[in-house]
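Architecture and fold: a report
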There are 2 protein chains.
Amino acid sequence: MIRYAGMAERRVTPGGDEAAFLETYRPGDFPRPSVAVDLVVLTIEDCDLRLLTVQRNEHPFKGKWALPGGFLRVGPSRTAQGEGIDDAAKRELHEETGLPEGSVFLEQLGAFGAPNRDPRMRVVSVAYFALVRPTLAPLVRPGGDVRKVRWQSVSDREPAGLAFDHDTIVSSALRRVRDEIDRSHIAFELVPDTFTIQQLRAVHEVVKGTPIDPGNFRKRFLRMIDDEILEQARGKRLTASKPAQVYRFRAPPT
Amino acid sequence: MIRYAGMAERRVTPGGDEAAFLETYRPGDFPRPSVAVDLVVLTIEDCDLRLLTVQRNEHPFKGKWALPGGFLRVGPSRTAQGEGIDDAAKRELHEETGLPEGSVFLEQLGAFGAPNRDPRMRVVSVAYFALVRPTLAPLVRPGGDVRKVRWQSVSDREPAGLAFDHDTIVSSALRRVRDEIDRSHIAFELVPDTFTIQQLRAVHEVVKGTPIDPGNFRKRFLRMIDDEILEQARGKRLTASKPAQVYRFRAPPT
DNA sequence: TAAATAGTGTCTATAAGACATTATCTC
DNA sequence: GAGATAATGTCTTATAGACACTATTTA
């Protein structure tokens with residue numbers, strides 16, 4: 001007979017106060033899943049959305065490319081429970097990419113927990129997406145377990161190119177980013193600290209996959225200045241022709 | 001020394017093909033978290049948004065109200081991995097509420113996995129939110145482990161009234177529902193199969209917490225008929241005065 | 001007929017989209 | 001001056017919000 005968590009829990013003797021209960025509490029002997037974090041790390045290079053993948057150097061899917069990530073570190077006792085899932089995501093991101101702490105936007109995407117998504121054992125993955133400024137993207141270096149990393153074009157990736165269910169996770173992340181870019185400030189995570197209107201427009205175009213009218217985009221942009229979301233920065237960006245005004249994102253006071 | 005999943009994994013001998021690897025694979029002996037699903041079940045009754053809570057009959061938080069939910073059932077081996085997380089959510093929902101399968105809208109909210117959110121042991125919870133039509137809400141009966149359930153008003157709940165981190169989860173769900181109601185069709189999950197414009201407006205008002213101009217709401221509503229999202233149903237809803245036309249939601253062909 | 005609620009119309013402000021035009025810089 | 005891109009302006013259409021008004025039913 002297979003034991004499940006709910007049953008095990010009821011074997012514990014009730015009664016007494018909560019402190020006493022916890023003192024004597026012994027977790028049941030039922031199968032637990034491993035919990036992992038998987039990272040959909042995106043940047044923009046050469047007007048192209050790129051995804052960071054790492055090559056697996058062990059079975060299963062040996063040699064295949066996969067999302068960076070790793071297992072949640074769980075402590076050995078009820079009073080030492082280990083790291084939080086957000087912390088695990090942050091840790092894996094910095095371990096495996098070498099990017100400096102706090103330089104990357106990171107947000108939870110959701111949990112992926114179908115059975116058999118990992119052929120070794122039951123694994124529930126909590127997926128995150130990360131946005132890396134193009135200025136930082138070239139600094140990425142394999143670290144931790146990882147031996148090879150690469151930035152892979154999102155548009156011409158193979159339909160089922162990644163290990164595990166990572167293609168599904170990537171699709172879900174792209175949907176989320178495309179959805180959020182119009183309603184939040186995530187576009188500013190994909191440009192350098194100072195940027196021109198055209199650079200920001202390019203980010204929107206690349207993420208959405210459709211061209212945007214420069215004049216109309218400018219109007220939206222100028223409204224953001226009125227709303228004090230953006231401010232002019234000093235200097236101009238030199239190009240082949242007329243130099244462009246440079247702006248900076250003002251972190252909202254919220 | 002504390003073992004972590006990543007370390008254990010590397011102890012496995014590499015080489016050979018993947019099938020052979022999996023044959024001989026033995027998962028490492030590292031601590032794993034329990035994975036649970038928690039449900040934020042919402043309905044509308046008397047123009048008031050209500051949350052379904054269950055009373056805990058065991059420590060910890062004995063006697064306190066908490067979200068319905070339970071542990072993910074994980075199989076004993078790599079070839080019998082147990083149920084998926086979405087299935088677990090569905091199962092717990094129907095077990096603990098007695099509501100008929102497939103009658104309730106259910107969507108994943110995200111994972112909550114801070115350490116010490118459960119004092120017994122490390123638990124990572126995957127939260128879901130569910131929307132129950134007001135016609136079904138009175139049918140809810142405690143089932144499974146649960147002895148007492150209640151529909152609790154969302155607006156006059158205590159700030160820290162629930163067990164564990166369930167208040168945080170509820171806040172997150174409410175934010176999500178308020179956000180999604182303008183961009184999706186979830187409002188139709190909170191009305192009976194046929195409904196009047198005023199009923200649907202009441203749902204929006206209750207969820208958003210602000211009054212909405214009836215005339216303006218009507219315009220949005222009529223656009224949905226043009227877009228074939230809604231259709232007229234037969235009959236009229238009788239009220240104290242002029243009866244109102246009744247409509248029906250047409251599931252989009254997507 | 002009065003009360004109540006369903007249903008309609010109007011006016012304004014705001015934003016998005018299509019597109020033409022001007023300005024300013026490099027070479 | 002030519003070429004290129006930045007920057008601006010115009011016109012149309014769609015939508016949201018405030019609010020006045022009409023229609024239809026019950027009691």
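What counts and how
- For every chain, the first residue of its written sequence is number 1, and the numbers climb from 1 along that sequence.
- Each chain gets a letter, beginning with A, and each ligand a number, beginning with 1, in the order they are written.
- Given that this is a predicted model, residues contribute local features only at a pLDDT of at least 70 and side-chain atom pairs are listed and counted only at 80 or more, while totals for whole chains, interfaces and linings are drawn from all residues.
- The basis for every side-chain value is the complete set of non-hydrogen atoms in the structure, without hydrogens or water.
- Reported domain spans reflect what an automatic or database domain assignment gives.
- Residue contacts are counted whenever heavy atoms from the two residues lie within 4.5 Å of one another.
- Note: buried area is the sum, over both parts, of the accessible area (probe 1.4 Å) each one loses when the two are combined.
- Definition used for salt bridges: Asp or Glu carboxyl oxygen within 4 Å of a side-chain nitrogen of Lys or Arg.
- Two N or O atoms count as a polar contact when they lie within 3.5 Å, although within protein this holds only if one can serve as hydrogen donor and the other as acceptor, and sequence-adjacent residues are included solely when both atoms are side-chain atoms.
- Strands here are runs of E lasting at least two residues and helices are runs of H or I lasting at least four, both read from the DSSP assignment and numbered beginning at the N terminus.
- Here the expected span of a helix is defined as 1.5 Å times the quantity of residues minus one.
- Only protein chains enter the accessibility calculation, which uses a 1.4 Å probe; a residue whose area is less than 20% of its type maximum is buried, one above 50% is exposed, and one in between is partly exposed.
- For this classification, Asp, Glu, Lys and Arg are treated as charged, while Ala, Val, Leu, Ile, Met, Phe, Trp, Tyr, Cys and Pro are nonpolar and the rest, including Gly, are polar.
- Remark: nonpolar core denotes a set of buried residues (Ala, Val, Leu, Ile, Met, Phe, Trp, Tyr, Cys) joined through side-chain atoms within 4.5 Å.
- Fitting of the copies onto one another was done by least squares over C-alpha atoms, counting residues only where both copies have pLDDT of at least 70.
- What makes a residue near a molecule or strand is one non-hydrogen atom of that residue sitting within 4 Å of it.
- Two strands qualify as a pair provided that DSSP identifies no fewer than 2 bridges between them.
- In this description, a line fitted to the C-alpha atoms serves as the axis of each element, helices being fitted only across the stretch in contact, and the angle between N-to-C directions of two axes falls anywhere from 0 to 180 degrees.
- Angles are sorted into four bins: roughly parallel if under 35 degrees, roughly antiparallel if over 145, roughly perpendicular if 65 to 115, and oblique for all others.

With respect to the domain arrangement of chain A
All names here are of chain A. Taken domain by domain, chain A holds domain 1 (32-180) and domain 2 (183-254). Centre-to-centre, using C-alpha coordinates, domain 1 lies 28 Å away from domain 2. Counting from both sides, the interface comprises 16 residues of domain 1 and, opposite them, 14 residues of domain 2. Summing both partners gives a buried area of about 1,500 Å² for domain 1 against domain 2, and 64% of it is carried by carbon and sulfur. By the criterion of area lost to domain 2, the three top residues of domain 1 are Ile44, Arg133 and Glu180, representing 38% of everything that side buries. Summed over the shared surface of domain 1 and domain 2, the number is two salt bridges. Among the salt bridges present, the one from aspartate 179 reaches arginine 183, with a minimum N-O distance of 3.3 Å. Taken together, the connections running from domain 1 to domain 2 amount to seven residue pairs in polar contact (both at pLDDT 80 or more). Breaking the side of domain 1 that touches domain 2 down by element, the ones donating at least two residues are β1 (34-45), β2 (48-55) and α4 (166-180).

A look at helix α3 (residues 85-97) of chain A
All names here are of chain A. Between the first and last C-alpha of α3 there are 18 Å, a value that for 13 residues agrees with the 18 Å anticipated at 1.5 Å per step. For α3, the complete set of buried residues consists of Ile85, Ala88, Ala89, Arg91, Glu92, Leu93, His94, Glu96 and Thr97. Glycine 98, located one to two residues past α3, shows a positive phi value of around 75°.

Let's talk about the interface of chain B and chain A
Taken together, the contact between chain B and chain A spans 58 residues of the former and 58 residues of the latter. Summing both sides of the interface, chain B and chain A together bury roughly 5,000 Å²; the carbon and sulfur share of this comes to 58%. Counting across the chain B and chain A interface gives two salt bridges. For the interface between chain B and chain A, the tally reads 18 residue pairs in polar contact (both at pLDDT 80 or more). Of all the elements in the fold, those that place two or more residues in the side of chain B that touches chain A are α1 (5-10), α2 (18-24), β1 (34-45), β5 (105-112) and β6 (123-131) of chain B. Taken together, the residues that form the side of chain B that touches chain A break down as 27 nonpolar, 13 polar and 18 charged.

So, the nonpolar core
Ranked by internal contacts, the top residues of the largest apolar core, which has 46 residues, are Val41 and Val132 of chain A together with Val41 and Val132 of chain B. At the level of secondary structure, the elements contributing two or more residues to this core comprise β1, α3 and β6 (123-131) of chain A together with β1, α3 (85-97) and β6 of chain B. Beyond its immediate chain neighbours, meaning those up to four positions away, valine 41 of chain B contacts Arg50, Leu51, Leu52, Pro68, Leu93, Ala130, Val132 and Trp151 of chain B. In this structure, Leu42, Leu190, Val191 and Ile229 of chain B belong to the second largest nonpolar core, which totals 39 residues.

Brief notes about the relation of the copies chain B and chain A
Least-squares fitting of chain B to chain A yields an RMSD of 0.0 Å, with the superposition described by an axial translation of 0.0 Å and a rotation of 180°. Expressed as a symmetry operation, the mapping of one chain copy onto the other fits a two-fold axis. For chain B, the residue whose C-alpha comes nearest the rotation axis is glycine 110 of chain B, separated from it by 2.4 Å.

Describing the protein's contact with DNA strand D
Close contacts around DNA strand D come from 18 residues, with Arg218 and Ser241 of chain A together with Asn216, Lys219 and Arg223 of chain B the closest. Backbone atoms, meaning sugar and phosphate, form 64% of the atoms of DNA strand D found within 4 Å of the protein. Residue lysine 219 of chain A places a side-chain N or O atom 3.5 Å away from a base oxygen belonging to DNA strand D. Of the residues contributing to the surface near DNA strand D, the split by class is four nonpolar, six polar and eight charged.

Side note on the sheet that holds strand β8 (residues 194-195) of chain A
Two modes of strand pairing occur in sheets, parallel and antiparallel, and in both the strands are linked by backbone hydrogen bonds. Residue and element names in this part refer to chain A. Spatial ordering of the open sheet is given by β8-β10-β9, a layout of three strands whose pairing is antiparallel. Bordering the open sheet on either side are β8 and β9 (230-237), each of which pairs with just one other strand. Helix-sheet contacts for helix α6 (residues 214-226) involve β8, β9 and β10 (244-249), and the interaxial angle to β9 is about 120°.

Here we look at the packing of helix α5 (residues 197-208) of chain B against helix α6 (residues 214-226) of chain B
Two quantities define a packed helix pair, namely the angle between the helix axes and the distance between the axes. Residue and element names in this part refer to chain B. Taken N-terminus to C-terminus, the directions of α5 and α6 make an angle of 110°; their axes are 10 Å apart at the nearest point. Judged by the inter-axis angle, α5 sits roughly perpendicular to α6. Contacts between α5 and α6 involve Ile197, Gln198, Leu200, Arg201 and His204 on the former and, on the latter, Pro214, Phe217, Arg218, Arg220, Phe221 and Met224. Here the contact of α5 with α6 is composed, by residue class, of six nonpolar, two polar and three charged.

Thoughts on the protein's contact with DNA strand C
Neighbouring DNA strand C are 18 residues, the closest being Lys219, Arg223 and Pro243 of chain A together with Arg218 and Ser241 of chain B. Of everything in DNA strand C that lies within 4 Å of the protein, sugar and phosphate atoms constitute 64%. Taking lysine 242 of chain A, its side chain carries an N or O atom lying 3.3 Å from a sugar or linking oxygen of DNA strand C. Between a phosphate oxygen of DNA strand C and a main-chain N or O atom of glutamine 245 of chain B, the distance comes to 3.0 Å. Taken together, the elements giving at least two residues each to the surface near DNA strand C come down to α6 of chain A together with α6 and β10 (244-249) of chain B. Per-element accounting of the surface near DNA strand C gives the leading share, four residues, to α6 of chain A.

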